[in-house]
Amino acid sequence: MTAQIRFEMQARDGLARSGVISTPRGDIRTPAFMPVGTAATVKAMMPESVRATGADILLGNTYHLMLRPGAERIDRLGGLHEFMNWDRPILTDSGGFQVMSLAGLRKLTEAGVTFRSHIDGSKHELTPERSMEIQRLLGSDIVMCFDECPALPATDKAVAESMRLSMRWAARSKDAFGDRPGHALFGIMQGGVTPELREESAEALKAIGFDGYAVGGLAVGEGQEAMFGVLDYAPGFLPEDKPRYLMGVGKPDDIVGAVKRGIDMMDCVLPSRSGRTGQVFTRRGVLNIKNARHQDDPRPLDEACSCPACSNYSRAYLHHVFRSQEIISSMLLTWHNLHYFQDIMAGMREAIAQGRFAEWEAGFHAGRAQGDIEPL
Ligand SMILES: [Zn+2]
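Reading the values: rules and limits
Residues numbered from 1 in each chain as written. Predicted model: local features only at pLDDT ≥ 70, side-chain atom pairs only at ≥ 80, totals over all residues. Heavy atoms only, no water. Core = buried A, V, L, I, M, F, W, Y, C linked by side-chain atoms within 4.5 Å. Buried < 20%, exposed > 50% of the residue type's maximum accessible area, 1.4 Å probe, protein only. Domains from an automatic or database assignment. Contact = heavy atoms within 4.5 Å. Pairing = 2+ DSSP bridges. Helix = DSSP H or I, 4+ residues; strand = E, 2+ residues; numbered from the N terminus. Axes fitted to C-alpha atoms, helices over the stretch in contact; angles between N-to-C directions. UniProt positions renumbered as here; feature names shortened; annotations may be inferred. Donors = N, O, S within 2.8 Å, 3.2 Å for Na, K, Ca; no water. Tetrahedral: all angles 85-135°; square planar, octahedral: opposite > 155°, others 65-115°. Phe/Tyr/Trp six-rings, centres within 6.5 Å; stacked < 30°, edge-to-face > 60°. Lys NZ or Arg CZ within 6 Å of the ring centre and 35° of its normal. Polar contact = N/O pair within 3.5 Å; in protein donor to acceptor, adjacent residues only side chain to side chain.

### Focus: the nonpolar core
And then number 1: Formed by 78 residues in total, the largest nonpolar core has its most connected members in L231, L246, M266 and M348.
And then number 2: Formed jointly, this core draws a minimum of three residues from each of two domains, domain 1 (6-268) and domain 2 (275-368).
And then number 3: Excluding residues that lie within four positions of it along the chain, M266 makes contacts with A32, F33, M34, Y245, L246, V249, I255, A258, V259 and M345.
And then number 4: Within the second largest apolar cluster, 18 residues are counted, among which are V36, L59, A184 and A214.

### What about the sheet that holds strand β7 (residues 106-108)?
And then number 1: The three strands lie next to each other as β7-β8-β9, forming an open sheet whose pairing is antiparallel. The open sheet has two edge strands with one neighbour each: β7 and β9 (123-126). Across the sheet, the axes of successive neighbouring strands diverge by a mean angle of 15 degrees, strand direction being ignored.
And then number 2: In this structure, β7 lies alongside strand β8 (residues 113-116), joined through three bridges in antiparallel fashion.

### A closer look at the UniProt feature "binding site: Zn(2+)" (unreviewed entry) in the protein chain
And then number 1: Here, UniProt's "binding site: Zn(2+)" (unreviewed entry) annotation points to C305, C307, C310 and H336. Across 32 residues in sequence, these annotated residues keep their C-alpha atoms within 8.1 Å of one another, forming a single compact spot.
And then number 2: By the element assignment, C310 lies in helix α12 (residues 308-312).
And then number 3: Overall, C310 belongs to the buried group, its relative accessible area being 8%.
And then number 4: If we ignore the near neighbours within four places in the chain, the residues touching C310 are P300, L301, D302, C305 and H336.
And then number 5: With respect to the element layout, H336 can be found in helix α14 (residues 327-353).
And then number 6: Among the residues examined, H336 registers a relative accessible area of 0% and is labelled buried.

### Some details on the environment of A16
And then number 1: By the secondary structure assignment, A16 is in strand β2 (residues 16-23).
And then number 2: Residues within four places of A16 in sequence aside, it is in contact with A11, V259, K260, I352 and F357.

### Details of the coordination of the zinc ion
And then number 1: Of the protein atoms, only C305 (SG), C307 (SG), C310 (SG) and H336 (ND1) coordinate the zinc ion, at distances of 2.1 to 2.3 Å.
And then number 2: Geometry at the zinc ion is tetrahedral, judged from the four donor atoms that bind it and their angles of 99 to 115 degrees at the metal.
And then number 3: Taken in chain order, the donor set of the zinc ion reads C-x1-C-x2-C-x25-H. Remark: H336 occurs in helix α14 and C310 occurs in helix α12; sequence separation between them is 26 residues.

### Concerning the packing of aromatic side chains
And then number 1: This structure, assessed with the given rule, holds 10 aromatic pairs.
And then number 2: Judged by centre distance (5.1 Å) and plane angle (25 degrees), the ring pair of Y313 and Y317 falls under stacked.
And then number 3: Judged by centre distance (5.5 Å) and plane angle (15 degrees), the ring pair of W360 and F364 falls under stacked. Of this pair, W360 and F364 both sit in helix α15 (residues 357-366), four residues apart, which is roughly one turn of that helix. With respect to burial, W360 and F364 carry one shared label: buried.
And then number 4: Following the ring pairs from residue to residue traces out a cluster consisting of F33, F281, Y340 and F341.
And then number 5: A cation sits over an aromatic face here: K174 above F210, 5.9 Å from the ring centre.
And then number 6: When the ring centre of F228 is taken as origin, the NZ or CZ atom of R261, which lies over that ring, is 4.0 Å away.

### As for the side chain of T282
And then number 1: Summarising the element assignment, T282 is placed in strand β15 (residues 279-282).
And then number 2: When its relative accessible area of 1% is taken as the criterion, T282 is described as buried.
And then number 3: A distance of 3.0 Å separates a polar atom in the side chain of T282 from the backbone nitrogen of R284.

This is the structure in structure tokens:
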């Protein structure tokens, strides 16, 4: 299969890479951060606002969309891009991760997973074939394989068995995906924190052949040190000329550390979710807008940020609307957080292209957690 989605690596600096994934719906500059649009919306943001922050691609959730409003309904209404008014690339997850986290509500077999909806208790089944069908109905540009993500800590034996099941599901996902020019299918490496299992998983995926490769099974509570421990070697098992996607990451310093280790794409709910709880990411660390010390502060959240929240509003105003539970609080803080995350990505892309990533990274860390901003 020859997808029309292509990855062109343009620069390397150490293990960090920058490039472009070109798709029929537009280019994705890498390293890329993908905001999460769980229920066909990035919460509190209009699609044009998301685009204005610098996002080239969004992530949609198969699990949530299959339950509500349903993949067949979205298909009848013209697909997810049309439905949510976002005409640029969309990556959808496979539903696997969210189904696995239902714990007592699901049953796992070789065929797939049966589970009960968290919304109304109705019974559903997800298999590699059904996940591919749902992601096709949604019209996703980048489709993820259906996989199992074991909860850590787990024994080596349990991690190995789970990883091998995911590899069998990866082969079934590839068969079910078929030949879809203009759409890409990514495989997902598993194997926990064991190098031999990570390598075995990567070899299995490469034998099947994918348009891109995700490092799965991380950002599940193992901590940054363990995650970086895996990222120190695991990306090296994957093909050099395909995009590498780290799922569900993360905080700004996680993102920078992942790019340093050769990751090209990431997604996380953190900037949007934090925007709704008053947690603000800035160059100097995390600021909590609900803190009373902001109530008379005329300064912007971050004087170096050009987002609407920082251009037009004071910390005092943002504190006031947060405390008053005004909707504009979620809108402005989410916008700022997404803008800040995209600024980090743009800074890294430029630094990699200019061969000064180490210098950029030193500046990123040196500027953090000073002054009156609460440290991470
Ligand atoms: Zn801002």
